[in-house]
Each structure stands twice: as structure tokens, then as C-alpha cells.
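# Close look at the chain arrangement
Spelled out, the chains give:
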Amino acid sequence: MSSKSYIVVTGGAGYIGSHTVVELIYHGYNVIAIDNLCNSSYEAIARIEFLVRKSVLFYNIDLRDEKQLSHIFSSYNVQGVLHFSALKAVGESTKIPLDYYDNNIYGSITLLRVMNKHNIKTIVFSSSATVYGDATRFENMIPIPENCPNEPTNPYGKTKYVIENLIKDLQKSDPTWRGAILRYFNPIGAHPSGLIGEDPLNVPNNLLPFLAQVAIGRREKLYVFGNDYESHDGTPIRDYIHVVDLAKGHIAALEYMNSLESDVGLYREWNLGTGKGSTVFDIVNAFSQASGKELPYEIVGRRDGDVLNLTADPSRAKKELNWIATMTVEQACRDLWKWTTENPFGFRVDNYHWKVFNKSQTVDYKNRLHTVKFPDLQVSFANYGALIQDVQYKGQPLVVGFQEFQAYTSDSNPLFGSTVGRYANRISNGSFQIEGKTYELDKNQSGSTLHGGNNAYNRQYFLGPVSKHYQDYNTLEFILLDEDGNNGFPAEVETLVKYTVNNNSIEIEYQSSITENSPNDATAISLTNHSYWNLSSNKTIDGTVFRLASDKYLKTDPKTQLPSGEIISSNEPLTKSVKLSPDVSFDNCFVVDESDFSLDTRKRELKQIAEVSHPSNSIKLSVTSTDPAFQFYTGDNISMDPIKPRAGFCVEAGRYVNAINHASWSKQVLVHKGEVYGSKLKFTFS
Ligand code: NAD
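Read on for a plain summary of the structure. (Residues numbered from 1 in each chain as written. Predicted model: local features only at pLDDT ≥ 70, side-chain atom pairs only at ≥ 80, totals over all residues. Heavy atoms only, no water.)

### Describing the pairing of strand E33 (residues 563-569)
Sheet topology places strand E32 (residues 552-556) next to E33; four bridges connect them, and they run antiparallel. Looking across to E33, one finds that Leu554 is bridged to Ile567. Following E32, the chain reverses through six residues before pairing antiparallel with E33; Gln561 in that reversal takes a positive phi of roughly 60 degrees. (Pairing = 2+ DSSP bridges. Helix = DSSP H or I, 4+ residues; strand = E, 2+ residues; numbered from the N terminus.)

### Focus on the side chain of Glu43
Mapped onto the elements, Glu43 comes out in helix H2 (residues 42-52). Despite being buried, Glu43 has no salt bridge partner; Arg368 is the closest side chain of opposite charge, sitting 4.3 Å away. A polar atom in the side chain of Glu43 sits 3.0 Å from the side chain of Trp354. Contact partners of Glu43, with chain neighbours within four places excluded, come to Phe347, Tyr352, Trp354, Arg368 and Pro465. (Buried < 20%, exposed > 50% of the residue type's maximum accessible area, 1.4 Å probe, protein only. Lys, Arg positive; Asp, Glu negative; His and termini not counted. Salt bridge = Lys/Arg side-chain N within 4 Å of Asp/Glu carboxyl O. Polar contact = N/O pair within 3.5 Å; in protein donor to acceptor, adjacent residues only side chain to side chain. Contact = heavy atoms within 4.5 Å.)

### Focus: the packing of aromatic side chains
Applying the stated criterion across every chain yields a total of 39 aromatic pairs. Residues Phe586 and Phe590 carry aromatic rings whose centres are separated by 6.2 Å and whose planes lie at 55 degrees to one another, so their mutual orientation is tilted. Grouping residues by exposure puts Phe586 and Phe590 together as buried. With a centroid separation of 5.3 Å and an interplanar angle of 75 degrees, the aromatic rings of Phe597 and Tyr656 are classed as edge-to-face. On the criterion of sequence distance, the pair formed by Phe597 in the loop between strand E35 (587-591) and strand E36 (607-613) and Tyr656 in the loop between strand E39 (650-654) and strand E40 (670-672) is long-range, its members being 59 residues apart. Residue classification places Tyr656 among the buried positions, given a relative accessible area of 1%. Taken together, Phe357, Tyr384, Phe402, Phe405, Tyr408, Phe416, Tyr461, Tyr532 and Tyr633 form an aromatic cluster joined through their ring pairs. When the ring centre of Tyr461 is taken as origin, the NZ or CZ atom of Lys366, which lies over that ring, is 4.7 Å away. (Phe/Tyr/Trp six-rings, centres within 6.5 Å; stacked < 30°, edge-to-face > 60°. Lys NZ or Arg CZ within 6 Å of the ring centre and 35° of its normal.)

### Considering unusual backbone geometry
Residues Gly421 and Arg422 are joined by a peptide bond in cis, for which omega reads -5 degrees. Along the chain, Arg422 falls in the loop between strand E20 (418-420) and strand E21 (426-427). Despite not being glycine, Asn658 has its phi angle at roughly 60 degrees, a positive value. The exposure class assigned to Asn658 is buried, which follows from its relative accessible area of 4%.

Take a look at the structure:
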């Protein structure tokens, strides 16, 4: 068992759970998220990882599976549990109460039993204001204090009531237990990043998700249940709390429990609300403002069980947990609108699916294969190296790749499809200087550093992807945090690789910079993609016809392939069609721009650098880029049985080879904190 301690979050892929996982990580906790995904999607976890730039342990298990749950508690040093997982739809709970009791109560009993067995006795439980029932039945109970008697009116609320009492009785039986019962009022909004939010798989039960679907055009209008209450506009008053505030309430509860003397137990309820009520129309107006849309609604009769006002008294949480809600309803509406417009169907993304790449027995989420499919073009990408594993245009495979993940990890893999970084191509003597300081790198090719060294980007798992569908294209964004000192490179670097795929092209955008927390302030960055293309169905590229954008290339030493600094012209004109035959080989860096050495080239127009075809079919590949150079390589050194030399060619758009060691070229690749390296590269098929 590792000594690292963890917080287990049940229901960690759900709406509130996912936001709380983010806050836990921001507060320095290590997290194990557990979810059976019955009302959520793994995408939420992938998005959390993308957001916090860290991997999150995730287990797809049902909480009622005692054996599997116990296995997790035996494998890790668990410090405490935040228990979110539950079925939560009030209406549904009246129709299938057995399922609610079974899932919520039996799930909680299983969890508590496993915790007890492993001597983990700290739990934060997601309860609900529903346990109070109709608090207006009493005088002086609005705003609702924690000591308001409980009388839940539906099976869902009753499960919460039972679980609260389960924890209470357990704590009585063993006073070393610590149970924090958090009674939420109405959680709303989404993460301000727009990356995670509520993703109701069915008709939304709550006001704001419903309004969001009206605003985006998925539903015709909002039904307002009664406008004859005694509020300022006749609609009922509720206490709406931003989900990020709510998430922070859990950290406060956890820290409160952790601050207790070691032998002190606890059972305590806290309301998490704002203490400020808003009517249905207040919310409709706030959301209209945020979305800039008039939202159609219809007033219908009162709903059974609805009452005028259910606002929290949150003073106990303020006093004891030092927690208050700080975000406004307006902010929540803006965040929800961002989430909705950027993810109109929540985590469901058209034209996209993923599967686990390596076929190990346990699902390895960090290693997935993502496929984007249009009628003519299908492309698959892996988290490993953010690589392109497969490209099929009109049914024809166009790149060399492996079906088996393991092959990508082989030392003989010539970086098929990979993202190449932190530094593509060669660095002479595996060293460079920045401001007088010399950095020694991994030397992995005849005394030089090639493609970033031994543990370069092609050997790391990128986080994400954030996958999105737009009208006629899809995007996948992967991110990598490359450690300071990895392969000898100074500075911690964050690199974003964004793929945009439509029916006939793949665009790649790179963005890379030194993180704020990096101990070093400058480094060298040069990024490209290493796909090996083959437009024929032959095992060799011979016969391929190509035309390059330039005849000029960097003169290199034939032994080391390092540039002298001179730019020379090819004897044969490569800007006219050339046919590849076994005696025509290339591994040269062609120059398309000799003057603009911007670090971020993304604002420049994509210029064509190569056009390729093969007489055996009518498919044409056009490669365009914003970069000043590209390496054209005919794959002569491939040696990975059964794949033979010249099975594919590469067009690696990028910066000049070894630019970091040439005073007049280094600004192409030398990155200081605060600066951004960027480029674009596109493969178009016709
Ligand atoms: P959610 O449905 O988004 O999240 C609950 C998660 O638990 C889901 O991801 C679901 O897949 C998972 N889950 C359910 N049963 C499971 C099981 N047996 N094993 C493993 N995973 C399981 O709901 P949410 O809005 O994030 O709510 C989280 C908690 O907060 C719930 O306990 C809910 O009752 C409580 N709560 C929610 C609200 C609200 O308005 N959202 C209000 C008060 C209390």
C-alpha cells in the first residue's frame, strides 16, 4: 500500500461530486473517484483531469459491490470518504421506491461496513434539505435551521433521512466515528471553466437545467408551477447555491473534522445554502440576462407538495465551518450558460466514441483510443503520446500504426503517429545554453538528443481529451504537464494538442508554455507530429508522387545530420512532381520561411508545404503549416518487424533543426515564462 493518503469520493463523476473532486485537488488532496456511471459519464473525470492537469484515480464500480469496494480500501491509504453517490430524482423515487432504497441505503450500508472494516471512520454525507419536508408547517422555521424536525415527504428524501440516522447510530455505537451531514439546498450553475456541469441524462428535474435546455432550444418552454404564492412575484422562493460554493463546503467540513483532537468523534448536521431566497421568476430573469434570451414559459397549476419558501439558515456552517457561499445567482447563471453553450448535449459528443486501448483485465482509463468519425474520414487518437493511431479516408487506411497498444511502447517504434516534444528533431551534443547556463539532456542518438530524449512526449500519457462536436467538425484537446528536469530540459511545461477533424481534414494546433509554478524560467520547445503516411495499399511508399513547397533545405553533416547553419538548394527541383523510387531517400529539413521566426506562428496563414498522391488511387494529401520549416523523411530507418523501411513517409512541420544551438535561429524555440509557443499543421484529403 502506498503511503500517499487519499480521499474516496463516491459519485465522483456526478454533478456535485465532480466539482468537489476539482476543489479537493486544488486544496492538495489526492482523490479516488468511484462511480458506476448510472447517471454520469467518464468524460466528467477526463475533463477534471484536463482542468486540474493531474490524473485522478477512477473506479467504475457499484457501491453495493462490497468485494470491489473493499479491494480499493485495502489497496490505498484512505483518509476519509465524501459520499455523494445516490439516485436523486424525487419524482422517480415515488415510482421506483425499491430501487431508491436499495441503491441509496444498501449502497451506504455497504460503504459504512467497508469503512468500518478498514478502520476509516471519517465521512461527509450528501444529505438534502428534503429531509426537513415542508418546513412551513412550523412557525418560525423559515429560514430553516438544522434543528427543524425532519419529515421527508418522498422516498428519495426518506433514504437521506435513513442514511443520516445510520451514520448517527453508528457514531453512537463507536464514538470514534466522525460524520458530517451536509444538507444541500438547491445546487445550481457549473464550473466557470465550462468543462464540467450538470448533465441530466433524462428530462431535467430542476429549474435551472430545464431553463438551460429551453434557452438552447432543446425544450419549448418552462412550466411555472403556480404564480399565486405570497412572494413578490407570486412564484415560490428557494435557496439556490452555486455548485462550486457547495463543493467548497465539503472541504470546510473535511478540514473541520481533521482539526479535531485525534480521539474526538463527531456527528453533526450543517445546512449548505446561501440564506437568500430567489423566486422562480428571479431565476428566469437572471438566466435570461446571462443567456441574452427571452425564455418562453407557461404558468400552470401549483405542484403537489410545493410550498412558498424553503430558504436555509446557513449560520451554523458559517460559525463552525467558517464557510459561507460567496457566489451569486447571476454568476451561477453565467457559468451554466457557458457550460450549456459549449456542451449543448452535456458530455455526449456526436461522431465520437472511445474504447480502452490496451486490453488489460482492469480497464485502464488513462490509456484510451478515441475515434472521430465522419462519412469520408475516420481518425483515431490515443492518450499515449496524443498520437494518431489510424486515419481512414473513404475506407482506405493512410497511416502506419498498430492495433496493439504494447507495440507503441517498443524501443524500435519510430514514433508512429506521435506528438513529438518537448523538442522535435536533433539537439547537438544533447546540450544547450540559456543565458550562460548549460543544460545537459538525455543523449539518445549518436551523442545527440533526438525528439526530446528517452521519456519524451511520445512516451507520456496526455490528459483529456476534451471532446466536442460542432456543426461540421469535432475537436479533441489533449494536455500534458512535462516535469521540470524531464530528459534534462529545464522548466515545467504545459502543452496543449488540439485536433480538429472534419469530413476531409485533420488540423493540429500546438500551444505550449512554462507554467507559473515552474522553478525554471526558460526552456527550448519545438513540437510536431510524426505520422507515417502511405497513400497506397502497398507496404512501401515507392511510387508515391510528391511536390514540396521548397527546394531549400538546411545543409547537414551526413554523419550526424546536424545543420551547419547554411541553407542550400536541392539539385533536383522538388517543387515540381517527383516520384519516389527505392534510390530516392530524404531525411531533410526544408525551409519555407527564412525571415519570420515568431515563437507563436498560429496567426500566420496555413501554407502548403507538400502535396502527395499515388497512382494506385485518386486520394490526394495536402499538408499545410504555419511553421518556417518541415522535415521530409522517407522512413528509411524503420525497423520494426513486420513493418519494413519505407512503409511510410513523414512531413514534420516545425522549426529549424537544432535551432536552440544557433544564435540566429534560437528565437524560434527559446521560450521564457509568460511566452507562448504555438503552431498549426493540417492534413487535407481529397
Ligand atoms: P448525480 O446523479 O449527478 O451524481 C450522483 C452520482 O452517483 C452519479 O454519477 C451516479 O452515477 C452515481 N451513483 C449512483 N448510484 C451509484 C451506485 N450504486 N454506485 C456507484 N455510483 C452510483 O447527482 P448530484 O446532483 O451530483 O448529487 C450528488 C449527491 O447530492 C446525491 O447524494 C444527491 O442526493 C445529493 N443532493 C443533490 C441535490 C441536487 O439538487 N443535485 C440536492 C440535494 C442533495
